[in-house]
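A structural walkthrough
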Amino acid sequence: MDYSSSRKQLHIAMFPWLAYGHIAPYLQVAKFLAQKNHHLYYVSTPKNISRLPQLPPTLCSNITFIPLSLPHVDGLPPGVESTSELPIHKVPYLKKSFDKLETQLTEFLERSPQIKLIIHDFAPHWLPPMANQLGINLVYFSILNASSNAFLGSPSEILGGSRKSPEDFTVVPTWMDYPNNIAFKLHETVSHKECEDIVSDFERCATVLLNCKILTLRTCYEFEPEALRVLSKIHQKPIILPPPLTSVDDKGDENWEALKKWLDSKQEKSVFYVALGSEVSLSQESMHELAFGIEKSGLPFIWVVRKPPLVEEQFAEDMIPPEFEERVSKQGMVLRGWAPQLRILAHSSSSVIESLGLGKPLILFPGGSADLGLIARLMHWKKVGFEIERNDVDGSFKSDLVAACIKRVMVDPEGEQLRANALAMKEIFGNVELSNKCLDEFTQSIENI
């Protein structure tokens, strides 16, 4: 029975970090809570709000978008409002500007006494004292999985524990007391320092973890039982799990028909899809090595190439090797900018996805945020993906290893079990009934705070 019509309506603010990989999952949860007849106030900046997909008409009355103007900070280019618009070494300026949203958010909450709950991200370390003064409860929604959160450890460990040097983070911590490979590579710990502000990401996480009533993660018990057991022991507070659902919702894209025709011409499960994500910018040398590896695989592909942020157009063109596109014109397609990702992946001839909701195996090449490295280790350990081998110290790699990894995941006999494991994941991450059950429990936990 659906009790949504009889339950008391809650007024809840959503406050994600300024990265699309955070903004989109927060909207997903907001939409679900709106379906349960709660009123959501989705707080972000104007440009990030404008990037979000249009709401279904049935939810418009229950979700209000609250745009806050991002304050000026020296070093942050004008008009930039998200990590995808910046090279990694300029992300600290975005964090400084984000922290200056405290005043505007306080004023909004003071004008909105009906809001008694904020679902927030890792970044606003200044939020707990403000929320406490206003009588507002906090729910920390981490977009990371359980293993990545367990790797961080307890708040006391994060703030002053045994790990001091970059090398300390390249080994599995002792509290993760089960066989696993969850740890950073050395080059990931070094590159992560480039996007740190005066207040480190670890400090931000520890502060919000100490002060939230509930921790919620993007995972499920069926996938990470060991890490969830460790987290429950570490934090001694409720952990609620709304798993990600994959829905094909790239309607109205003018490129889709041409792409579909090309995909229709390929054998089922024969095409691999390459998208480094909006947060990842490789050097020209690395992009060329990746391109040569894709070419050497000999397999059909779609590669979405994004112009690196804040670079000249000519330099962006040089990111792809000369004459590469002509050489591979019969093998694959190079798309510039944006592509209807979920539609491509849902097509029967596509075989690799960044998420397992469609049952596709993963070719793992983490970049950008160091957290992606932990995710790659998890997927490799769970045998639903295979990580391209890279130099631990500098992150360099060879095109031959790229090609070998692609072929292993896609066609080689030794990848058969991996492909079967990934397909089985569709029953977990693509299961609407399971997802709704988890989200029902999530809603009830919030209502009972």
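Cut-offs and rules
- Counting restarts for each chain: residues are numbered from 1 in the order of the written sequence.
- The predicted origin of the model limits local features to residues at a pLDDT of at least 70 and limits the giving and counting of side-chain atom pairs to 80 or more, whereas totals for whole chains, interfaces and linings rest on all residues.
- Excluding hydrogens and water, the side-chain values take into account all heavy atoms of the structure.
- UniProt positions are given in the numbering used here, feature names are shortened, and annotations may be inferred rather than shown by experiment.
- Put simply, DSSP marks the helices as runs of H or I at least four residues long and the strands as runs of E at least two long, and each gets a number from the N terminus on.
- Partly exposed residues are those whose accessible area sits between 20% and 50% of the maximum for their type, while under 20% is buried and over 50% is exposed, using a 1.4 Å probe and protein chains only.
- Method for areas: the Shrake-Rupley scheme with a 1.4 Å probe, in which residue coverage is limited to the protein chains shown.
- The term salt bridge refers to a pairing of a side-chain nitrogen on Lys or Arg with a carboxyl oxygen on Asp or Glu at a separation within 4 Å.
- Think of it this way: DSSP has to see at least two bridges between two strands before they count as a pair.
- Residues count as neighbours in contact if any of their non-hydrogen atoms are within 4.5 Å of one another.
- Fitting a line to C-alpha atoms yields each axis, with helices limited to the stretch in contact; the angle taken between N-to-C directions then spans 0 to 180 degrees.
- Joining through side-chain atoms within 4.5 Å is the link that ties buried Ala, Val, Leu, Ile, Met, Phe, Trp, Tyr and Cys residues into a set, and such a set is a nonpolar core.
- Start and end positions for the domains come from either an automated domain assignment or a database one.
- Stacked, tilted and edge-to-face are the three classes applied to pairs of Phe, Tyr and Trp rings, where Trp contributes its six-membered ring and a pair requires centres within 6.5 Å; stacked means planes under 30 degrees apart, edge-to-face means over 60, and tilted covers the rest.
- By definition here, a helix of n residues has an expected span of 1.5 Å times n minus one.
- Put plainly, a pocket is an open set of points on a 1 Å grid over the protein atoms alone with protein on both sides within 12 Å along at least five of seven lines, a cavity is a set where a 1.4 Å probe fits but cannot get out, and a lining residue has an atom within 4 Å of a point.
- Grid points are joined across faces, edges and corners, and a volume is the space filled by probe spheres set on the points.
- In the scheme used here, Gly and all other residues not listed as nonpolar or charged are polar, with Ala, Val, Leu, Ile, Met, Phe, Trp, Tyr, Cys and Pro taken as nonpolar and Asp, Glu, Lys and Arg as charged.
- Roughly parallel means an angle under 35 degrees; roughly antiparallel, over 145; roughly perpendicular, 65 to 115; everything else is oblique.
- For every residue, the predictor reports its confidence as pLDDT, a number between 0 and 100.

An unreviewed UniProt entry annotates the protein as Glycosyltransferase of Gossypium tomentosum. Under the Sequence similarities (unreviewed entry) heading, UniProt states for the protein: "Belongs to the UDP-glycosyltransferase family."

Here we take up the overall build of the protein. In terms of helices and strands, the protein carries 19 helices and 12 strands. Relative to its 449 residues, the protein shows a buried fraction of 55%. Carbon together with sulfur atoms contributes 53% to the accessible area of the protein, which is approximately 20200 Å² in total.

It is worth spelling out the pattern of salt bridges at this point. Scanning the model with the defined rule gives 15 salt bridges in all. The residue lysine 296 makes a salt bridge to aspartate 400 at a minimum N-O spacing of 2.8 Å. A residue pair is termed long-range when its members are at least 10 positions apart, and lysine 296 in helix H12 (residues 284–297) and aspartate 400 in helix H17 (residues 399–410) qualify at 104 residues. Taking the relative accessible area as the measure of exposure, lysine 296 reaches 43% and is therefore partly exposed. Judged by relative accessible area, aspartate 400 falls into the exposed class, the value being 51%. The residue glutamate 387 makes a salt bridge to arginine 377 at a minimum N-O spacing of 2.6 Å. Pair noted here: glutamate 387 is in strand E12 (residues 385–387) and arginine 377 is in helix H16 (residues 371–381), with a separation of 10 residues, a long-range link.

What follows covers the pairing of strand E9 (residues 301–305). For a regular strand, the rule is simple: side chains alternate between the two faces of the sheet. When you tally the buried positions in E9, you get five out of five residues, the bulk of the element. Of the pairings in the sheet, the one linking strand E8 (residues 272–275) to E9 comprises four bridges and is parallel in character. Note on E9: the bridge partner recorded for tyrosine 273 is isoleucine 302. Looking at chain direction, E9 and strand E10 (residues 332–336) are connected through five bridges and run parallel. Residue pairing in the sheet places phenylalanine 301 in a bridge with glycine 332 of E10.

The next point concerns the sheet that holds strand E1 (residues 11–15). The sheet built from seven strands is open, its strands ordered E3-E2-E1-E4-E5-E6-E7 with parallel pairing. Of all the strands in the sheet, just strand E3 (63–67) and strand E7 (239–240) have a single pairing partner and so form its edges. Where helix H1 (residues 20–35) meets the sheet, it contacts E1, strand E2 (39–44), E3, strand E4 (115–120) and strand E5 (137–142), and its direction lies at approximately 165° from that of E2.

Before going further, it helps to examine the nonpolar core. Core analysis: the largest hydrophobic core is formed by 72 residues, its most contacted members being Trp17 and Leu105. The element that contributes the greatest number of residues to this core is helix H9 (residues 201–211), accounting for five residues. For this core, the domains that each give at least three residues are domain 1 (11–243 + 431–448) and domain 2 (254–429). Residue contacts for tryptophan 17: discarding those within four places in its chain leaves His22, Ile23, Thr83, Val91, Leu94, Lys95, Phe98, Asp121, Phe122 and Ala123.

Centre-to-centre distance and the angle between the planes together describe a pair of aromatic rings. Following the criterion strictly, the structure yields 15 aromatic pairs and no others. Each ring, one from phenylalanine 169 and one from phenylalanine 202, has its centre 5.5 Å from the other, and the planes form 50°; the classification is tilted. Of this pair, phenylalanine 169 sits in the loop between helix H7 (155–160) and helix H8 (186–193) while phenylalanine 202 is found in helix H9, placing the two residues 33 residues apart along the sequence. Taking relative accessible area as the criterion, phenylalanine 169 reaches 12% and is therefore assigned buried.

Okay, H12 next. In this model, H12 (14 residues) spans 20 Å end to end at C-alpha, consistent with the 20 Å of a helix rising 1.5 Å per residue. Two residues or fewer past H12, glycine 298 is found with a positive phi of approximately 70°.

The next subject is the layout of surface pockets. Rolled over the atoms, a probe sized like a water molecule indicates the empty space that remains. Put simply, the second largest pocket is a space of about 350 Å³. Residue lining of the second largest pocket: 18 residues in total, with Arg163, Lys164, Phe169, Lys193 and Phe202 positioned closest to the centre. Elements supplying a minimum of two residues to the lining of the second largest pocket: H7, H8 and H9. Counting residues per element, the lining of the second largest pocket draws most heavily on H7, at four residues. The residue makeup of the lining of the second largest pocket, split by class, is six nonpolar, six polar and six charged.

What follows covers the environment of alanine 30. With respect to the helices and strands, alanine 30 occurs in helix H1. Look at alanine 30 and you get buried, because its relative accessible area is 0%. Between the C-alpha atom of alanine 30 and that of alanine 13, which follows or precedes it by 17 residues, the distance is 9.1 Å. If near-sequence neighbours (up to four positions away) are discounted, alanine 30 is found in contact with Met14, Leu40, Tyr42 and Ile63.

What follows deals with the packing of H1 against helix H19 (residues 432–447). Two measures define how a pair of helices packs: the angle their axes make with one another and the distance between the axes. Where H1 meets H19, the closest approach of the two axes is 11 Å, and the angle between their N-to-C directions is 75°. Viewed along their axes, H1 and H19 adopt a mutual orientation that is roughly perpendicular. Every residue of H19 that contacts H1 at Val29, Phe32 and Leu33 is listed here: Asn436, Leu439, Asp440, Phe442, Thr443 and Ile446. When grouped by side-chain class, the residues that make up the contact of H1 with H19 number six nonpolar, two polar and one charged.

Read from one edge of the open sheet, three strands run E8-E9-E10, paired in parallel fashion. Single-partner strands in this sheet number two, and they are E8 and E10. Strand-to-strand twist across the sheet, computed as the mean angle between neighbouring axes with direction ignored, equals 15°. Where H12 meets the sheet, it contacts E8 and E9, and its direction lies at approximately 165° from that of E9.

Confidence along the protein averages 86 in pLDDT terms, with 86% of residues attaining 70 or more. When the criterion is pLDDT under 50, residues 1–5 qualifies, and its contacts beyond four places in sequence or with other chains add up to four contacts. Contacts of residues 350–354 to residues separated by more than four positions or lying in other chains number 31 contacts, the stretch itself having pLDDT below 50.

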